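Tertiary structure, described
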Amino acid sequence: MADKKIVTDSGIEIKQLYDEPVSMTEKPGEFPFTRGVHQAMYRDKLWTMRQYAGFSTAEESNNRYHYLLAQGVTGLSVAFDLPTQIGYDSDSEMAEGEVGKVGVAIDSLEDMEILFKGIELKNVSTSMTINSTAFILLAFYIALAKKQGADLKKISGTVQNDILKEYAARGTYIYPPVPSMRLITDIFEYCSKEVPKWNTISISGYHIREAGSNAVQELAFTLANGKAYLQAALKKGLDINVFAQRVSFFFNAHNNLFEEVAKFRAARRMWAHITSSLGATDAKAQMLRFHTQTGGSTLTAPQPKNNIVRVTLQALSAVLGGTQSLHTNGYDEALSLPTEEAAGIALRTQQIIAYESGATDTVDPLAGSFYVESLTNEIEAAAWKLIEKIDVLGGSVKAIEQGFMQEEIARSAYIYNNAIESNEKVIVGVNKFTTKEEDNTPLLKIDESIRQKQTAKLKELRGRRDSKKAAACLEIIKQKAGTTENLMPAVIDAVENLCTLGEISDTLRSVWGEYKG
């Protein structure tokens with residue numbers, strides 16, 4: 001009988017048996033870090049267990065953070081609503097119908113104070129999933145840390161700050177690519193001097209994968225974008241051995257356990273070669289450190305509790321692949337924002353893997369598997385081919401402007417969806433093993449009055465702040481936007497004088513315009 005041809009989601013053929021000799025001369029914690037960025041990995045320290053949370057008002061999100069901290073999370077991860085992501089205050093007509101829906105509404109420094117009420121920023125690591133307005137949210141966070149009396153040299157966390165994937169896959173951009181890249185390198189420069197433990201960018205493959213890419217495309221496009229950020233920082237005159245130490249990554253974990261593990265291993269090796277080729281000689285500047293989130297697009301509305309199993313497999317792939325930080329999705333997220341119960345189960349999933357599975361007992365536990373080693377090599381080779389095509393086009397910015405990444409992602413999504421619709425690819429509970437039982441999963445409801453509450457707060461804030469000082473701060477930002485001077489000090493000064501996120505964004509819109517795509 002002829003051997004059946006089986007391929008991964010990236011189209012890499014899987015052999016029936018792998019028996020090639022495998023070189024195991026690489027050591028964990030040593031270049032090119034295929035086997036992990038630390039010698040002992042989780043034997044010394046577990047990954048940071050984050051739960052991505054943010055919805056409704058700052059008060060509601062603050063309550064959820066206190067709940068998660070009490071349940072054992074070791075880092076917070078903030079989701080912002082759509083108006084906050086694209087630079088509109090809650091009272092803007094552009095914000096209608098979206099305030100507090102997919103994340104928390106943050107309009108001012110005072111909202112940020114409420115968001116972290118009772119939480120000392122010096123004691124937590126905070127990840128903020130924000131891009132086009134990342135510089136403003138980071139300014140809010142720094143201003144709050146100063147008010148709390150925290151040492152800015154010691155506060156830690158990550159701001160996503162990855163605008164290229166927004167143009168390629170997600171769409172929450174504001175400004176054209178050139179000024180957007182300037183904001184990113186301004187953050188690099190400012191934080192390297194003032195907030196040295198802050199990770200200044202989390203280069204995201206997650207949203208590329210959510211848009212429909214396969215594992216190879218996620219890896220290639222993410223690393224190509226990372227290369228573009230390094231080149232932009234070098235052009236600004238920054239030292240790669242300094243700023244590259246604060247670059248991190250954000251990957252997706254899908255259902256194919258072994259392909260995902262191989263992807264993570266290949267990513268470290270490839271980034272080590274990219275950074276060293278651009279002049280990095282410090283090992284910490286060559287290391288790829290990454291956060292993982294389980295795959296939102298893999299979650300199904302039918303039979304939602306099946307998602308608990310999917311999330312477990314995905315989380316295990318991230319751990320076996322050596323992640324530094326992990327968020328596990330709630331089983332109900334195909335239906336609504338996660339309830340408290342779903343968020344609790346998701347966190348317990350990480351804790352069971354950490355403390356009961358044995359996956360943390362040894363470094364790179366799948367190393368030496370003929371299959372995993374071969375798959376790591378094949379994924380790397382396929383990703384390099386895509387990066388070479390991007391280089392020929394002139395790099396990531398040019399490739400995005402020409403629609404190359406967008407077309408590749410769209411083609412992959414089409415192939416994947418066709419495979420599901422034709423039943424070639426089985427999704428349990430969707431196209432096979434279906435039931436007609438009514439689902440009674442409890443859903444989290446968002447109060448429709450949130451916009452009115454935020455609008456009232458904004459009106460009151462604008463009425464009591466020093467309007468002349470606020471206007472002067474915005475004028476300084478406008479003037480500096482036309483220079484090459486770093487914008488971060490001016491933005492921090494503005495938020496400390498209660499300028500709002502929308503006002504700062506609009507000031508820069510008046511100088512740089514908006515990107516239309």
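Before reading further, recall that the structure is shown in the block above.
The structure displayed is predicted, hence computed values, not measured ones.

In this chain, Phe31 is followed by Pro32 through a cis amide linkage whose omega measures 5°. Mapped onto the secondary structure, Pro32 falls in the loop between strand 2 (13–14) and strand 3 (48–53). Positioned with a positive phi, Met41 is a non-glycine residue whose angle comes to about 45°. Looking at the secondary structure, you find Met41 in the loop between strand 2 and strand 3. Of note, the phi angle at Asn423 is positive, near 70°, even though the residue is not glycine. Structurally, Asn423 is set in the loop between helix 16 (404–421) and helix 17 (450–464).

Next up on the list: the sheet that holds strand 5 (residues 125–129). Here we have 9 strands laid out as an open sheet, ordered 7-6-5-4-3-11-10-9-8, and parallel in their pairing. Strands with a single pairing partner mark the edges of an open sheet, and in this sheet they are strand 7 (198–199) and strand 8 (201–204). Note: strand 4 (residues 75–79) against strand 5, 4 bridges, orientation parallel. If you follow Ala79 over to strand 5, its bridge partner there is Thr129.

The next point concerns the nonpolar core. In this structure, Phe116, Phe135 and Ile504 are the most contacted members of the largest nonpolar core, which totals 135 residues. With 12 residues, helix 4 (residues 134–147) is the largest single contributor of residues to this core. In this structure Ile504 touches Phe135, Ile136, Leu474, Ile477, Val491, Ala494, Val495 and Cys499, once residues within four positions along its chain are discounted. The next biggest cluster of nonpolar side chains, apart from the first, holds 6 residues, and it includes Val99, Ala105, Ile446 and Ile450.

Before going further, it helps to spend a moment on the pattern of salt bridges. Tallied over the full model, the rule gives 29 salt bridges. Among the salt bridges present, the one from Glu260 reaches Arg209, with a minimum N-O distance of 3.1 Å. Here Arg209 lies in helix 7 (residues 206–210) and Glu260 lies in helix 10 (residues 257–277), a separation of 51 residues in the sequence. According to the relative accessible area criterion, Glu260 is buried, its value standing at 0%. Linking Arg265 and Glu373 is a salt bridge whose minimum nitrogen-to-oxygen distance equals 3.2 Å. Residue Arg265 is located in helix 10, and its partner Glu373 is located in helix 14 (residues 370–393); the two are separated by 108 residues in the primary sequence. In this structure, Arg265 and Glu373 share a single accessibility class: buried.

Analysis parameters
- Each chain has its residues counted from 1, running along the sequence as written.
- Totals for whole chains, interfaces and linings use all residues, but because this is a predicted model, local features are given only for residues with pLDDT of at least 70 and pairs of side-chain atoms are given and counted only at 80 or more.
- Side-chain descriptors were evaluated using all non-hydrogen atoms of the structure, hydrogens and water having been removed beforehand.
- Helix numbers and strand numbers start at the N terminus; a helix is a DSSP run of H or I with at least 4 residues, a strand a run of E with at least 2.
- DSSP bridges decide pairing: two strands pair if at least two such bridges lie between them.
- Definition used in this section: a nonpolar core is a set of buried Ala, Val, Leu, Ile, Met, Phe, Trp, Tyr and Cys residues joined via side-chain atoms within 4.5 Å.
- Only protein chains enter the calculation, and the probe is 1.4 Å; a residue is then buried if its accessible area is under 20% of its type maximum, exposed if over 50%, and partly exposed in between.
- The contact definition used throughout considers only heavy atoms, calling two residues in contact when any of these lie within 4.5 Å.
- Here, a salt bridge means any Lys or Arg side-chain nitrogen found within 4 Å of an Asp or Glu carboxyl oxygen.

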